[in-house]
Structures are given as C-alpha cells and as structure tokens.
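Chain and residue survey
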Amino acid sequence: MQPRDLSDHVAYEAGRGIEEVARELGRDPSEFIKLASNENPHGPSPAAAVAIREAASSVSSYPKSAHTDLSAAIADRWDVDPSQVWLANGGDGAIDYLSRAMLEPDDDVLVPSPGFAYYGMSARFHHGDVREYELERAEDFAQTPETVLSAYDDDRIVYLTSPHNPSGSTVDLADVERIAEETGDDSLVVVDEAYGEFADVDSAVALLEGRDGFEARDDVAVLRTFSKAYGLAGLRLGYAIVPEEWADAYARVNTPFAASELACRAGLAAIDDDEHVERTLETARTSREYMREHLDAHVWPSEGNFVLVAVGDATAVAEETRERGVIVRDCSSFGLPGCIRVTCGTEAETDRAVETINAVLEDVAPESREVSEA
Ligand SMILES: *Cc1c(COP(=O)(O)O)cnc(C)c1O
C-alpha cells in the first residue's frame, strides 16, 4: 500500500546540528559553533531548567493543571481571556491548529516568498493549497499591503511574519490592519511573531483586542513561541492568540494535552524570568549591529536574532565556513541562493563568525559576490 498522494509535499530542511556536522566531517564537536537555527546562545531560562528537573517525577500524569496554569499565565501577560490562548507543540503546532480550525479541502493559504516553510507544509497536510506573494529583495523584503493585496485572491489564511524570517524586516500594525481590512471577512490574517520579543514594534494582539486606537477585529490571529527568546526550542512550546469570537474552536481541534507537562512547567518558569529574556535581547541587539557593521557584505537591517547576508554563492560560502567551524544557514532552501542567515551569538561567537565569514568571502567568493551586489 501507499500513503496518500504526497507529491506536492516537501520535507522540512532544518539547520543541521553540531553533532551531525562533526560526525559527517569526522571532526570533534568542540571545534564548531552553530549559528544556523536562531537558537538562544544563552541556553534555556535557568528557572525553566530547574522547573524541568523538578517536574521530572510527575511525568506519569497527563498535564492537566499545568496546561490550565500556563494558559492563564500567558493570558495574563497579554491581558486576554485564557480561552484565547491556543497552546501547542511549538509555534509549528499552533500553525497546525489554525489550519485545522480554518481550512476546508482546497482552500488557499497565501504565504510570503521567501518565507517560513511550515505555513505551506501545514496547509497541505490539511488538504489546502498554497499560493505565494513575492517579497522583493530591492525593497528589503517588505511585506507591504500592496505586495500582499495584489497577490490576494480570497485566500482563507494570509500569513505575515514580523519580524520576517529570513530577512528580519517587520510589518507596521497599520499595514496589518489595512491588509485585514481589505481582505474578505472570511480571510484570517495570521501575524507570526516568533521573533516578536527581539523587535521594536508592537504586537498585533492590539488589533484583535482593539487597543492603541485600533478597532477590535475577529480576523487577525497572532503566533508566538518559547523557542527563541526563552531558549526552549528543544521542548516544543508555542501558542496562538485568537479573537474571543471563535476561541472555543480550540477544544474541537487540539490534540489532547497539546503541550507536555515538562513544556508547561518550563513555560511557567520562563515567562517570569525577565532577566534571562533581557540578557537574550541585549545580546541579539549587540550581535546584529556588530555583524551589520563588520561583515564585508550587504547585511539587511534585522529586528530578529539573526541577520541575512548577501554572499553570492551561499552554498559554497556556507560549506566553507562550516569547514572552518562556523555553521550558518544556507538560504537556498528559502529561495535565496545568494544569501546566508547568521544567528546572533554571544560576543565571542559573533566575533568568530564575522572573522570566519569575512575570510571565506575573501578566499572563495570574491567574483560571485560582485555578481550578487550588481
Ligand atoms: C522558529 C519559528 C517558528 C516557530 O518555531 P517553533 O520552534 O515551532 O515554535 C515560527 N515561525 C517562524 C518564522 C520561525 O522562525
């Protein structure tokens, strides 16, 4: 027998880990630093690590009260009703819940290109179709109302990413409002704020709650994750915040116990660990500025914990920096064969990354870089 027709489906290309790369190259893992997956260079919130150890002996029970407590804590943080918090197995899990709640077979979703691969993957899993709006490199990958609306054709879900992965650009709330306003009543605008903590822009939660001068709307949802600023990528914890009008759909679409006991306990500890988040944001700000100033290539301004760098032949450059111990993300899989994405590391990691990338650009790609800059 065979699974259903999966010919339109593509496997997610995750950034490869240090162990994997070291094994493949026959080298010692300690020779490498990984700046390829936008992970937190300071590790998890220390309070979360303690909570995980303490919760270890209670994992024989289903996570009932921890789930309730975390939804309440997140609701408190955003000043929304707990029913509006759709906890999930990572931000990716929350995307799946929105797909489940919204998509009928053959509904379209509209996604940015370049952009985050999982929007389209999730839509296909849920029997939807994927359409793209093209972000222009010459316009610094801006997700303007014009760009989105000219591609829009009654799509059921429209994804915006702010800050955008992989470019680091952001979308103003007034633009999100205009996009929501000018798309149909049955089109949901999802604002993916996976990197929201790192950015100097307000959350789109203001749009669904009718705050800061915006009128309340029921056609915008916001996506958030504990993977980036809180350093809990390995735990898989994220959520959507949805308008109160249809928040009760969660009970009918969520996988029972959507987030694990360990994830919920860690989330509860991390959400109050302001010191760890502050330190993380400070590191990202310093690192992205340093890379913009010191990399000998075009670096886009970024509000995330990463920067996009124009290097010419991204595959050759990423391979060579890896050879020299610095693992970065080749953006060919994002549809940007001329760019790499470098995660903001600690000061020492950032210094090493800049030095290595500059040396590699000098050695392997001077001619292809000229092409990319033209
Ligand atoms: C990392 C990321 C997510 C969510 O990741 P999870 O680890 O599943 O929480 C969502 N959107 C974008 C753009 C991301 O980069």
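Being a predicted model, the structure only gives us computed values, none of them experimental. (Residues numbered from 1 in each chain as written. Predicted model: local features only at pLDDT ≥ 70, side-chain atom pairs only at ≥ 80, totals over all residues. Heavy atoms only, no water.)

Examining the UniProt feature "domain: Aminotransferase class I/classII large" (unreviewed entry) in the protein
Per the UniProt record, "domain: Aminotransferase class I/classII large" (unreviewed entry) is found at residues 31-357. Between the C-alpha atoms that bound residues 31-357 there is a distance of 16 Å. The span itself is 38% helix and 17% strand. (UniProt positions renumbered as here; feature names shortened; annotations may be inferred. Helix = DSSP H or I, 4+ residues; strand = E, 2+ residues; numbered from the N terminus.)

Notes on the site of the ligand
The local shell around the ligand holds 13 residues, among which Gly91, Asp192, Tyr195, Thr225 and Lys228 are the closest. Gly91 has a polar backbone atom sitting 2.6 Å from an oxygen atom of the ligand. Here an oxygen atom of the ligand and a side-chain polar atom of Arg236 are 2.7 Å apart. If the ligand stood free it would expose 380 Å²; the protein chains cover 93% of that surface. Among the detected pockets, the ligand sits in the largest pocket. With three residues, helix H4 (residues 90-102) is the largest single contributor of residues to the shell around the ligand. When the residues that make up the shell around the ligand are grouped by side-chain class, the tally is three nonpolar, six polar and four charged. (Near = heavy atom within 4 Å. Polar contact = N/O pair within 3.5 Å; in protein donor to acceptor, adjacent residues only side chain to side chain. Areas by Shrake-Rupley, 256 points an atom, 1.4 Å probe, with all protein chains shown as cover. 1 Å grid on protein atoms, 1.4 Å probe; cavity = no way out; pocket = protein on both sides within 12 Å on 5 of 7 lines; lining within 4 Å. Sits in = over half its atoms within 2 Å of the grid points. Nonpolar A, V, L, I, M, F, W, Y, C, P; charged D, E, K, R; others polar.)

Overview of the layout of surface pockets
If a probe the size of a water molecule is rolled over the atoms, the empty space left behind becomes visible. When its volume is computed, the largest pocket comes out at roughly 520 Å³. Around the largest pocket, the lining is made up of 26 residues, and of these Tyr12, Ser37, Asp92, Phe116 and Lys228 lie nearest the centre. At the level of secondary structure, the elements contributing two or more residues to the lining of the largest pocket comprise H4 and strand S7 (220-225). Looking at which element gives the most residues to the lining of the largest pocket, the answer is H4, with three residues. Its residues assigned to classes, the lining of the largest pocket comprises 10 nonpolar, nine polar and seven charged. Surrounding the second largest pocket, 21 residues form its lining, Val10, Gly115, Phe116, Ala117 and Ser333 being those nearest its centre. Listing elements by their share of the lining of the second largest pocket, those giving two or more residues are strand S3 (108-113), helix H5 (118-125) and strand S4 (129-134). Per-element tally for the lining of the second largest pocket: the top contributor is H5, with four residues. (Points joined across faces, edges and corners; volume = space filled by probe spheres on them.)

Description of the sheet that holds strand S1 (residues 33-35)
Taken together, five strands build an open sheet; the order of strands is S1-S11-S12-S10-S9 and the sheet is mixed. If you trace the sheet from one side to the other, it starts and ends with S1 and strand S9 (298-299), each paired once. Where S9 and strand S10 (residues 306-310) come together, two bridges link them in antiparallel fashion. Within S10, the position partnered with Val299 by the bridge is Val309. (Pairing = 2+ DSSP bridges.)

Describing the UniProt feature "modified residue: N6-(pyridoxal phosphate)lysine" (unreviewed entry) in the protein
In this numbering, the UniProt entry assigns the feature "modified residue: N6-(pyridoxal phosphate)lysine" (unreviewed entry) to Lys228. Within the element layout of this structure, Lys228 appears in the loop between S7 and strand S8 (238-241). Contacts of Lys228, omitting those with residues within four sequence positions, involve Asn38, Asn40, Ala194, Tyr195 and Phe198. (Contact = heavy atoms within 4.5 Å.)

A look at empty space enclosed by the protein
Applying the stated criterion across every chain, the model contains two cavities of 30 Å³ or more. Looking at the largest cavity, its volume works out to about 60 Å³. Every residue lining the largest cavity is listed: Ser162, Val171, Leu173, Val176, Val191, Glu193, Gly196, Ala199, Val201, Asp202, Ser203 and Arg224. Residues belonging to the lining of the largest cavity are distributed by class as follows: six nonpolar, three polar and three charged. Its boundaries defined by the atoms lining it, the second largest cavity holds a volume of some 30 Å³. Residue lining of the second largest cavity: Glu39, Asn40, Pro41, Phe198, Lys228, Thr280, Ala284, Asn305 and Cys344, and that is the complete set. A per-class count over the lining of the second largest cavity returns four nonpolar, three polar and two charged.

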